[in-house]
Amino acid sequence: MSVRGFELCSVTVNYSGHPALDGLSAVVCAGRHTAILGPSGCGKTTVLRVLSGLAVPGAGQVRLNGKVVSRPGRSILAPYRRGVAMVFQDLALWPGLSALDNVLLGLSGTDLRRGKARERAREALTVCGINHLADRVPAEISGGQQQRVALARAMAVRPSYLFLDEPFAGLDLMTRAGLLGDIAALADRHAFTIVLVTHDPAEVMSLCSDAIVLEAGTLCEFGQLDRLLADPVSATLRAFRQRI
Amino acid sequence: MITALPLEQPGRWRTVGLMLIVLVAMSPAVPLLSQVPGMTPEILTGTFGSALINSLKIATMVALVGLFVGWPAGVLAACYEFCGRRVLLAAASLPLLVPSILWAIGWSALLPGGRTMEIPPLAGCVVVFATAAVPLVLIVTYLAARGLSGSQIDAARLAGGERCVVQLVSRHAVVPASIAAGLGAVMTLSDPGPAQIFGLRSGAAEILISFSALYDFSLAARQCLALTAVALVVATPLALFGGPRIARGMLARQVHSMHPLREPAMAGVTSVVLVVIILVGVILPLSGLIRPLADGQALMRAWPVVRRTAGDTVLYASGAGAFAIALGFLLALIIGRQERLRVVALGVILAVFALPPAMMALGFVYLGADAPAWADPVLRSRLSVCLVSGFRFLPVAAMIGMWSLGSASSSWAMVAGLHGVPMGTYLRRVLWPFLLPSALLGWMLIGLLATADIGTVLLLHPPGAGSLPLAIFTVMANAPESLVAALCMIYLAFAALLVAGIWTVAGRQRG
């Protein structure tokens, strides 16, 4: 039976001969916000890259709603056709462009006409609370505001899945709490699924219902977060439980 | 639709692209290989053989002087805060960017009455070439040291104080400094200017004589191939050793750069060292050029020559710069972040840079001699000079491109790929504006270097389309000393303006 969402089937990814993922099988169900957890270097970001099509598996398959979208050495469905948007750890805002142009250029892959795209970009900036900064370039705004621009760019394409790769690292507690609340509200309103990579239990608890726990590129635990936390197997979740 | 994603993904197209560009860059030299069958060992035992030995002696001494003066000076400049840092470093780097003949003329004109022959030829050549090698090593040492992070310096300071910081910086910079000294030495092998002025037989000067005075193309070609072989023997270890090091140095880092130490005594010592380097490398030869200008009429007499050559000088400089930057940045884009390719590419371009420029120019002459008339616009025109000079300085452009691309975030192209931004749009709206300052910097730098390379212009320029440095080179033996000095001073003023521009753009980019 096919799953509505992403499936990783025995996926292996190597970087310069070193395995980043080693035969990983896991599921990200549509509608269930999922956290990807594990120690540094265990392959969390690689999972996001493989799901989004930015990296292709060396072995195994990636399926989306039951259809194969990546197979060994080949991406069958282009990344921009997977309904995925991503906020990178370094935000990846294009430096020479204003906040509005960052969002507008992010809409290049859609079929929207210029006027409609502009309208959509403005709407995304308003939803993220930074419409008044539309004409500023990234270097002219604060870290928290940059985070919101990256979020607006991701939101504007109306994705089915929003991947967040440690997007709150380096932010102060207040800004982080504000952004978390806003993202949770946006996810409810626009019905997209969040896949979050983080080391922070507070972020996981406030956003996610499921978790995938990795260790050295292999699956350690996987399932509903509250059940996993009730009887943690991995050192990561044991540490999480202590900090909650 | 092709998105920007392939820019950050591996692929065979990168290897193919690299090979194609290297082949295109080396293609002008290929026709010269037809002269290989005519080569005999006698070429290394006759006059040309002794000239080659002279060249090697000069190269060895220049490398030693460059290393033992430039390295400590670079370490001091990087370690200590001192007044006028940018001005002093810019002034010290001036000899790197102007033709060596200018300094040779300056040194020889120091002695009144044109008593050039009183300067021992070998010593004269070493002093003139060291004038450029010392700042090359100094700047490379300085840049290598500045690659250390602020926290590394703080850790060294906590561990052993100022002495430990200086030791750390010295150790960190010694390999890049040695590579720079080696490269400076290899470059002397292909420069005929100073040897001609001081009356020494050198390998490069012999090639020029064979071509321009004896009109013997095949002899010039065979001599050029022999010189190329010598240059490659010296440059190959440099390329093998330097390629991986430079590749590592080009990786983007997110660190706070080091803060120089504030020690008034050492700041004074550093300033004095740099002032001495500028005094010996710039002021002394400059005063040799200024002395004949005392009558005040020389600049007026030089004006017609400057007016006649200015257009072509600017055309050759800007054409070579634009061509090299376009090809070099394309090469950098093709290499991307692929570590192995970057190491290979850097090794190859270091070796290519060490080749005598006469090799490519003579290859073009060979092609042009038998080519039909329709090929004239490429093989026998001003464009030929721009193309060959561009090929010559492709390695410099590629290194600037790799450096600049290395500081761009890989996530930019990934997010563009994820959003379906077409490749062309991404290059035009995101990457090109980011690379533009570096491209501008490289264009100016290569323009200056290309203008300083007299050999290529001499061998390839169409009749009546010489550059200002070539005009100086041509008239220096027969024209009045004051006219030659005036031409040199005008060129130096132009070069100094461009150096100031380069430092300003570089400073803004760093800021």
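Here the residue index of a chain counts from 1 through its sequence in written order. Lettering for chains starts from A, numbering for ligands starts from 1, and both go in the order in which the items are written. Given that this is a predicted model, residues contribute local features only at a pLDDT of at least 70 and side-chain atom pairs are listed and counted only at 80 or more, while totals for whole chains, interfaces and linings are drawn from all residues.

## Here's the deal with the overall build of chain B
Inclusion rule: Under the DSSP-based scheme used, a helix requires at least four consecutive residues in state H or I and a strand at least two consecutive residues in state E, with every element numbered from the N terminus. Each radius of gyration reported is based on C-alpha atoms, and the globular scaling rule is 2.2 Å times the count of residues to the power 0.38. Exposure classes come from backbone-placed C-beta atoms, where a residue is buried if 20 or more other C-beta atoms lie within 10 Å of its own, exposed if 12 or fewer do, and partly exposed in between. By the criterion used throughout, residues are in contact when their C-beta atoms, derived from the backbone, lie within 7 Å.
Of the regular secondary structure elements, chain B holds 21 helices and 0 strands. Here the C-alpha radius of gyration of chain B, 23 Å, is about what a compact globule of 511 residues would show, namely 24 Å. Over its C-alpha atoms, taken along the principal directions, chain B stretches across nearly 65 × 60 × 45 Å. When each of the 511 residues of chain B is scored for burial, the buried share is 53%. Intrachain contacts of chain B at a sequence separation of at least 6 include 88% that bridge at least 24 residues.

## Description of the overall build of chain A
Scanning chain A from N- to C-terminus turns up 8 helices and 11 strands. Against the globule reference of 18 Å for 244 residues, chain A gives a C-alpha radius of gyration of 18 Å, in line with a compact fold. Counting only C-alpha atoms, chain A reaches 50 × 40 × 35 Å along its principal axes. Taken over 244 residues, chain A has a buried fraction of 44%. Excluding contacts between residues fewer than 6 apart, the proportion of contacts in chain A whose partners are at least 24 apart in sequence is 63%.

## Overview of the environment of B:Ser100
Residues and elements named next belong to chain B. Position of Ser100 among the secondary structure elements: in helix α4 (residues 100-109). Expressed as a C-alpha distance, the spacing of Ser100 and Gly363, which sit 263 residues apart in the sequence, is 24 Å. What Ser100 contacts, discounting residues up to four positions off in sequence, is Val128, Phe129, Ala132, Asp191, Gly193 and Pro194.

## Considerations on the interface of chain A and chain B
In plain terms, the rule: Each residue is assigned to one class: nonpolar for Ala, Val, Leu, Ile, Met, Phe, Trp, Tyr, Cys and Pro, charged for Asp, Glu, Lys and Arg, and polar for all the others, Gly among them.
The interface of chain A with chain B comprises 19 residues on the first partner and 18 residues on the second. Split into classes, the residues belonging to the side of chain A that touches chain B amount to 13 nonpolar, 5 polar and 1 charged.

## Examining unusual backbone geometry
In this structure, A:Leu91 is a non-glycine residue whose phi angle is positive, near 70°. The topology assignment puts A:Leu91 in the loop between β7 (84-87) and α2 (99-105).

## Some details on the pairing of strand β5 (residues 67-71) of chain A
Regular strands show a simple pattern: their side chains alternate between the two faces of the sheet. Residues and elements named next belong to chain A. What counts here: Two strands qualify as a pair provided DSSP detects at least 2 bridges between them.
Direction of pairing for strand β4 (residues 59-64) relative to β5: antiparallel, over a ladder of 3 bridges. Paired with Leu64 across the strands is Lys67, a residue of β5. Hairpin geometry of β4 and β5 is characterised by an intervening segment of 2 residues between the two adjacent antiparallel strands and by a positive phi of about 50° at Asn65. Connecting β5 to the antiparallel partner strand β6 (residues 74-75) that follows it, the hairpin turn spans 2 residues, and Gly73 within it adopts a positive phi of roughly 75°.

## Some details on the sheet that holds strand β11 (residues 218-224) of chain A
All names here are of chain A. Stated precisely, the cut-off is as follows: Orientation is described by lines fitted to C-alpha atoms, with helices fitted over the stretch in contact, and by angles between N-to-C directions that extend from 0 to 180 degrees.
Pairing in this open sheet of 6 strands is mixed, and the strands run β7-β8-β9-β3-β10-β11 from one edge to the other. Of all the strands in the sheet, the pair left with one neighbour each is β7 and β11. For this sheet, the mean inter-axis angle between neighbouring strands, taken without regard to orientation, is 15°. Pairing analysis gives 4 bridges linking strand β3 (residues 34-37) to strand β10 (residues 210-215), with the strands arranged parallel. Note on β10: the bridge partner recorded for Ala35 is Ala211.

## Some words on the pairing of strand β8 (residues 161-165) of chain A
All names here are of chain A. In terms of burial, β8 is a largely internal element, 5 of the 5 residues being buried. By the alternation rule, side chains of β8 split into Tyr161, Phe163 and Asp165 and Leu162 and Leu164, which are all buried. Taken together, the 4 bridges between β7 and β8 define a ladder with parallel strand orientation. Within β8, the residue paired with Met86 across the bridge is Phe163.

## With respect to the sheet that holds β5(A)
The 5 strands are arranged β2-β1-β4-β5-β6 (chain A) in an open sheet whose pairing can be described as antiparallel. The strands lining the two open edges of the sheet, one partner per strand, are β2 (18-29) and β6 of chain A.

## Observations regarding helix α5 (residues 173-190) of chain A
This is how the line gets drawn: For a helix, the expected span equals 1.5 Å multiplied by the number of residues minus one.
With 18 residues, α5(A) extends 26 Å from end C-alpha to end C-alpha; this agrees with the ideal 26 Å at 1.5 Å per step. Backbone geometry just after α5(A) places A:Ala191 at a positive phi near 55°.

## Some words on the packing of helix α3 (residues 114-127) of chain A against helix α4 (residues 143-156) of chain A
All names here are of chain A. Where we set the bar: Each angle receives one of four descriptions, namely roughly parallel if under 35 degrees, roughly antiparallel if over 145, roughly perpendicular if within 65 to 115, and oblique otherwise. Left-handed describes a crossing whose near helix is turned anticlockwise from the far helix by less than a right angle; the clockwise case is right-handed.
Here α3 crosses α4 at 135°, and the two axes come no closer than 8 Å. Considering their axes alone, α3 and α4 lie oblique with respect to each other. For the crossing formed where α3 meets α4, the hand is right-handed. On the side of α3, the interface is formed by Arg120, Ala121, Ala124, Leu125 and Val127, while α4 contributes Ala152, Met155 and Ala156. Residue composition of the contact of α3 with α4, by class: 7 nonpolar, no polar and 1 charged.

## Topic: the packing of helix α16 (residues 394-406) of chain B against helix α18 (residues 423-452) of chain B
Residues and elements named next belong to chain B. It is at 10 Å that the axes of α16 and α18 come closest, and there the two elements cross at 160°. Accordingly, the angle class assigned to the pair α16 and α18 is roughly antiparallel. Note on packing geometry: the crossing formed by α16 with α18 is right-handed. Taking contact as the criterion, the partners of Val396, Ala397, Ile400 and Ser404 in α16 are, on α18, Leu435, Ser438, Leu441, Gly442, Leu445, Ile446 and Leu449. Of the residues that constitute the contact of α16 with α18, the class distribution is 8 nonpolar, 3 polar and no charged.

## Here's the deal with the confidence of the model for chain B
Operational definition: pLDDT is a per-residue confidence score from the predictor, ranging from 0 to 100.
Chain-level statistics for chain B give a pLDDT mean of 86 and a share of 95% at 70 or above. Our summary of model confidence lists the complex with pTM equal to 0.85 and ipTM equal to 0.90.

## Brief notes about the environment of B:Leu498
All names here are of chain B. Structurally, Leu498 is set in helix α21 (residues 481-510). Given 17 C-beta atoms within 10 Å, Leu498 falls into the partly exposed group. Taking the C-alpha atoms as reference, Leu498 lies 21 Å from Leu299; in sequence the two are 199 residues apart. Setting aside anything within four residues of it in sequence, one finds Leu498 in contact with Met444 and Leu448.

## So, helix α13 (residues 357-370) of chain B
Note: α-helices contain 3.6 residues per turn, so residues at a spacing of three or four share the same orientation. By the criterion of burial, α13(B) is predominantly enclosed, with 10 of the 14 residues buried. Within α13(B) the residues assigned to the buried category are B:Pro357, B:Ala358, B:Met359, B:Met360, B:Ala361, B:Leu362, B:Gly363, B:Phe364, B:Val365 and B:Tyr366.

## Looking at the environment of B:Val269
Turning to its location among the elements, B:Val269 is positioned in helix α10 (residues 264-290). Given 14 C-beta atoms within 10 Å, B:Val269 falls into the partly exposed group.

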